[in-house]
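Observations on the three-dimensional arrangement
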Amino acid sequence: MKEIKMGIIGPTDSLEIIKSIVEDFNNNVTIYFKPYQTFDELYDVKKFCEENILDVLLFSGQAPYYWVKERENIEIPMLYIPRNGTCLYRTLFNIHLDKVDFNKVSFDTISEEDIKEAYKELNIPITKIYTLAYNKYLPYEQIIDYHLKLINDGKVIAVATCLQKPYDILKEKGIRTYRIFPTKSIIRETFIKGLLYGESTKFKETQFAIIVVRVEDVLREIYENNNLNYKMQKILLELEKIIIDYSELLEGTMVKLREGEYAIFATRGTIENITDDYSKFPLYKDIKENFPFLVTMGVGFGKTAKTARNNAYIALNYSKLNNGNCFITTEYGKIIGPLIPEESKKRELFSNDLLEIAKKVGISAINLSRIKQALKNLNKNEISSRELSLELNISERSARRILNKLEKKGYAKVVGTNSFLNKSGVKGRPLWVYKINL
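Along each chain, the written sequence defines residue order, and numbers are assigned to residues from 1. For this predicted model, a pLDDT threshold of at least 70 governs which residues receive local features, and a threshold of 80 or more governs which side-chain atom pairs are given and counted, while totals over whole chains, interfaces and linings are taken from all residues. The side-chain numbers reported here are obtained from all heavy atoms of the structure, hydrogens and water having been left aside.

**Topic: empty space enclosed by the protein**
Basically, it comes down to this: Definitions used for this entry: grid spacing 1 Å over protein atoms alone; cavity, a set of points where a 1.4 Å probe fits but cannot get out; pocket, an open set with protein on both sides within 12 Å along at least 5 of 7 lines; lining residue, one with an atom within 4 Å of a point. Grid points are joined across faces, edges and corners, and a volume is the space filled by probe spheres set on the points. Each helix is a run of DSSP H or I of at least 4 residues and each strand a run of E of at least 2, with the numbering of both proceeding from the N terminus. Amino acids are sorted into nonpolar (Ala, Val, Leu, Ile, Met, Phe, Trp, Tyr, Cys and Pro), charged (Asp, Glu, Lys and Arg) and polar (every other residue, Gly among them).
One pass over the structure, following the stated rule, counts 1 cavity of 30 Å³ or more. Considered as a void within the structure, the largest cavity measures approximately 100 Å³ in volume. When residues of the lining of the largest cavity are assigned to their parent elements, the largest contribution, 3 residues, is made by helix 3 (residues 62–71). Tallied by class, residues from the lining of the largest cavity come to 8 nonpolar, 6 polar and 2 charged.

What follows is the structure, given as structure tokens:
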């Protein structure tokens with residue numbers, strides 16, 4: 001399993017407690033902490049997720065969780081550390097030490113049922129419970145006003161809050177105030193749950209994905225006349241080339257199932273990237289703009305290749321019923337679509353600069369894009385022919401030819417040599433290392 005990247009958001013005091021617990025975990029996880037004092041500092045949460053390429057987001061409590069959920073479209077799993085009756089024990093013990101009447105304390109966030117259960121387990125007599133429980137975002141001011149009204153009405157003499165801001169403000173007003181923190185066990189359990197969410201996200205990226213492209217006019221021609229004319233065969237060859245190019249871009253494999261029907265085997269992660277999370281499908285757009293045939297297209301996801309294939313044909317049927325366009329069937333049978341294409345393949349996938357370089361060097365824009373991705377995978381801008389051949393899954397000779405072309409046009413420069421061990425464990429001939437500038 002790849003490394004999981006988790007973001008944890010909360011006030012500084014909460015993050016210190018969480019940090020002391022989760023730092024003991026030796027799991028394959030990298031944690032990014034984001035402290036805040038006011039909710040206005042959470043407007044950049046989406047940027048925080050994107051910059052660190054997070055897989056899951058954990059909040060210290062439900063207040064920041066609901067604030068972000070209502071305002072930002074975060075696409076990764078989010079969860080928060082809950083507050084329940086077990087979180088009250090330390091606070092109730094401090095209230096007991098201060099000799100404050102338990103029935104004269106107001107709470108927030110925690111439900112009345114949880115408070116009653118805690119009182120019952122501690123044999124605390126119950127007369128009246130005051131609490132402001134919620135399952136959505138509530139402004140700090142509303143929570144503070146709730147407690148102040150009870151104080152001013154003489155119903156309570158102390159406050160127990162789960163939130164830092166109300167705690168600070170009520171303390172400043174001279175009100176006896178207690179802060180409720182989650183227990184270590186709750187933090188630990190929620191953190192582990194977050195890891196499972198992160199693993200689920202990673203698993204989705206590597207799920208099987210199959211794209212089935214079918215030229216309905218071709219199948220009809222074969223059915224009616226039992227053959228294809230020369231012109232149609234020539235057009236199909238051009239179509240196959242486009243599908244092969246896209247399969248390379250997806251780091252997948254194209255298989256011709258029969259005349260006029262093709263499949264691309266790839267992963268869910270690459271499909272989501274090329275479609276901008278299902279907002280469009282440039283492959284369908286390019287085929288539609290360049291070929292005078294009715295083309296249907298279905299994408300299927302699945303935990304197994306068989307499931308993905310079955311789902312692809314379900315999506316293909318939706319495409320046919322809608323006279324074309326592209327549909328997706330998820331591993332749970334959910335139908336997504338139609339994916340209305342917006343721009344052609346070249347405009348969609350490659351910048352004008354990359355297309356210009358491709359024209360000058362004599363290398364396809366797809367291969368240039370794959371070289372950029374290879375450098376990104378290796379986290380550097382220097383590469384040898386051997387490394388490039390492994391990253392692009394091509395022969396070393398082809399990799400050398402590509403690097404030589406880039407060097408001749410000034411987009412690559414030899415900066416040194418690199419040695420490697422051959423299959424016998426003997427140091428092989430040094431290879432030129434090129435610095436790439438794309």
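Following the structure, the description resumes.
**Quick word on the sheet that holds strand 11 (residues 261–267)**
Rules: Whether two strands pair depends on DSSP finding at least two bridges between them. Whether two residues touch is decided by their heavy atoms; if any such pair falls within 4.5 Å, the residues are in contact. To define axes, lines are fitted to C-alpha atoms, for helices over the stretch in contact only, and angles between the resulting N-to-C directions are given on a 0 to 180 degree scale.
Taken together, the 6 strands give an open sheet; going across it, the order is 10-11-9-12-13-14, and neighbouring strands pair in mixed fashion. Looking at which strands have only one partner, the edges of the open sheet turn out to be strand 10 (253–258) and strand 14 (335–336). Pairing analysis gives 2 bridges linking strand 13 (residues 326–329) to strand 14, with the strands arranged antiparallel. Counted as the bridge partner of Ile328 is Ile336 from strand 14. Sheet strands in contact with helix 12 (residues 282–290) are strand 9 (208–215), strand 11, strand 12 (295–302) and strand 13, and its direction is about 165° off that of strand 12.

**Quick word on the sheet that holds strand 6 (residues 130–133)**
The parallel open sheet is built from 4 strands, whose spatial order is 6-5-7-8. At either end of the open sheet lies a strand with only one pairing partner, and these are strand 6 and strand 8 (176–179). Pairs of neighbouring strands in the sheet enclose a mean axial angle of 15°, with direction left out of account. As defined by bridge partners, strand 5 (residues 105–109) adjoins strand 6 across 4 bridges and the pair is classed as parallel. The residue of strand 6 that forms the bridge with Asp108 is Leu132. Strands strand 5, strand 7 (158–161) and strand 8 of the sheet are contacted by helix 4 (residues 88–97), whose axis makes an angle of about 155° with strand 8.

**Regarding the pattern of salt bridges**
Opposite charge on two side chains permits them to pair, given that their charged atoms come into close proximity. Put simply, the rule is: Salt bridge, as used here: a side-chain nitrogen of Lys or Arg that lies within 4 Å of a carboxyl oxygen of Asp or Glu. Residue exposure (1.4 Å probe, protein chains only): buried if accessible area is under 20% of the type maximum, exposed if over 50%, otherwise partly exposed.
Enumeration over the complete set of coordinates arrives at 18 salt bridges. Here Arg214 and Glu261 are joined by a salt bridge, their closest N and O atoms 3.2 Å apart. Of this pair, Arg214 sits in strand 9 while Glu261 is found in strand 11, placing the two residues 47 residues apart along the sequence. The buried category is assigned to Arg214, whose relative accessible area is 14%.

**What about the packing of helix 4 against helix 5 (residues 112–121)?**
Here is the rule: To sort the angles, those under 35 degrees are grouped as roughly parallel, those over 145 as roughly antiparallel, those from 65 to 115 as roughly perpendicular, and the leftovers as oblique. For a crossing to be left-handed, the near helix must be turned anticlockwise from the far one by less than a right angle; the clockwise case is right-handed.
For the pair helix 4 and helix 5, interaxial distance at closest approach is 11 Å and the crossing angle is 60°. By the angle between their directions, the pair helix 4 and helix 5 is classed as oblique. For the crossing formed where helix 4 meets helix 5, the hand is right-handed. On helix 5, the residues that touch Leu88, Tyr89 and Leu92 of helix 4 are Ile115, Ala118, Tyr119 and Glu121.

**Notes on a positive patch on the surface**
Quick reminder of the rule: What goes into a patch is any residue over 30% in relative accessible area without a salt bridge, connected to like charges within 9 Å or, for nonpolar side chains (Val, Leu, Ile, Met, Phe, Trp, Tyr), within 5 Å. Accessible surface is estimated by sampling points in the Shrake-Rupley manner with a 1.4 Å probe; for residues, cover comes only from the protein chains shown. For this count, His and the chain ends are skipped, Lys and Arg are scored as positive, and Asp and Glu as negative. In this description, the location of a charge corresponds to atom NZ of lysine, CZ of arginine, CG of aspartate or CD of glutamate.
A surface patch of positive charge is lined by Arg397, Arg401, Lys405, Lys408 and Lys409. Relative to the helices and strands, Lys409 resides in the loop between helix 18 (396–408) and strand 16 (412–418).

**Let's talk about helix 6 (residues 140–152)**
Here is the rule we go by: Multiply 1.5 Å by the residue count of a helix minus one, and that product is the helix's expected span. Throughout, the arc means the angular range of directions from the helix axis out to the C-beta atoms.
Taking 1.5 Å per residue, 13 residues should reach 18 Å; helix 6 reaches 18 Å between its end C-alpha atoms and fits that length. Of all the residues in helix 6, the buried ones are Tyr140, Ile143, Ile144, His147, Leu148 and Leu150. Down the axis of helix 6, the buried side of the element spans an arc of 160°, and every buried residue falls inside it. The exposed set on the far side of helix 6, more than 90 degrees from its buried face, consists of Glu141, Lys149 and Asn152. Here the buried face of helix 6 lies against strand 5, strand 6, strand 7 and helix 7 (164–172). The positive-phi residue at the C-terminal boundary of helix 6 is Gly154, with phi of around 75°.

**Regarding the environment of Ile363**
By the secondary structure assignment, Ile363 is in the loop between helix 15 (352–361) and helix 16 (365–378). On the accessibility criterion, Ile363 (7% relative accessible area) is buried. With 43 residues separating them in the primary sequence, Ile363 and Leu406 have C-alpha atoms 8.7 Å apart. In contact with Ile363, other than residues within four places in its own chain, are Ala358, Leu368, Ile402, Lys405 and Leu406.

**Remarks on the nonpolar core**
Where a protein is soluble and globular, its nonpolar side chains tend to be buried together. Here is the rule: Each nonpolar core is a collection of buried residues, namely Ala, Val, Leu, Ile, Met, Phe, Trp, Tyr and Cys, held together in the definition by side-chain atoms within 4.5 Å.
Grouped together as the largest cluster of nonpolar side chains are 35 residues, with contacts concentrated most on Met6, Leu88, Leu92, Phe107, Ile180 and Phe191. Put simply, the parts of the chain that give this core at least two residues each are strand 1 (4–10), helix 1 (12–22), strand 3 (56–59), helix 4, strand 5, helix 5, strand 7 and helix 8 (184–205). When sequence neighbours within four positions are dropped, the list of residues in contact with Leu92 reads Phe102, Phe107, Ala118, Tyr119, Leu122 and Ile124. Among the nonpolar cores identified, the runner-up in size contains 33 residues, and Met232, Ile235, Leu236 and Val299 belong to it.

**Describing helix 18**
Taking 1.5 Å of rise per residue, 13 residues should cover 18 Å, and helix 18 covers 18 Å from first to last C-alpha, within 8% of that figure. Burial in helix 18 covers these residues: Ala399, Ile402, Leu403 and Leu406. Down the axis of helix 18, the buried side of the element spans an arc of 95°, and every buried residue falls inside it. Away from the buried face of helix 18 by more than 90 degrees, exposed residues Arg397 and Lys408 are located. One or two positions beyond helix 18, positive phi appears at Gly410, with a value near 85°.

**Some remarks on the side chain of Thr330**
Counting through the fold element by element, Thr330 comes out in the loop between strand 13 and strand 14. Setting aside residues no more than four positions away along its own chain, Thr330 makes contact with Phe301, Asn311 and Ile336.

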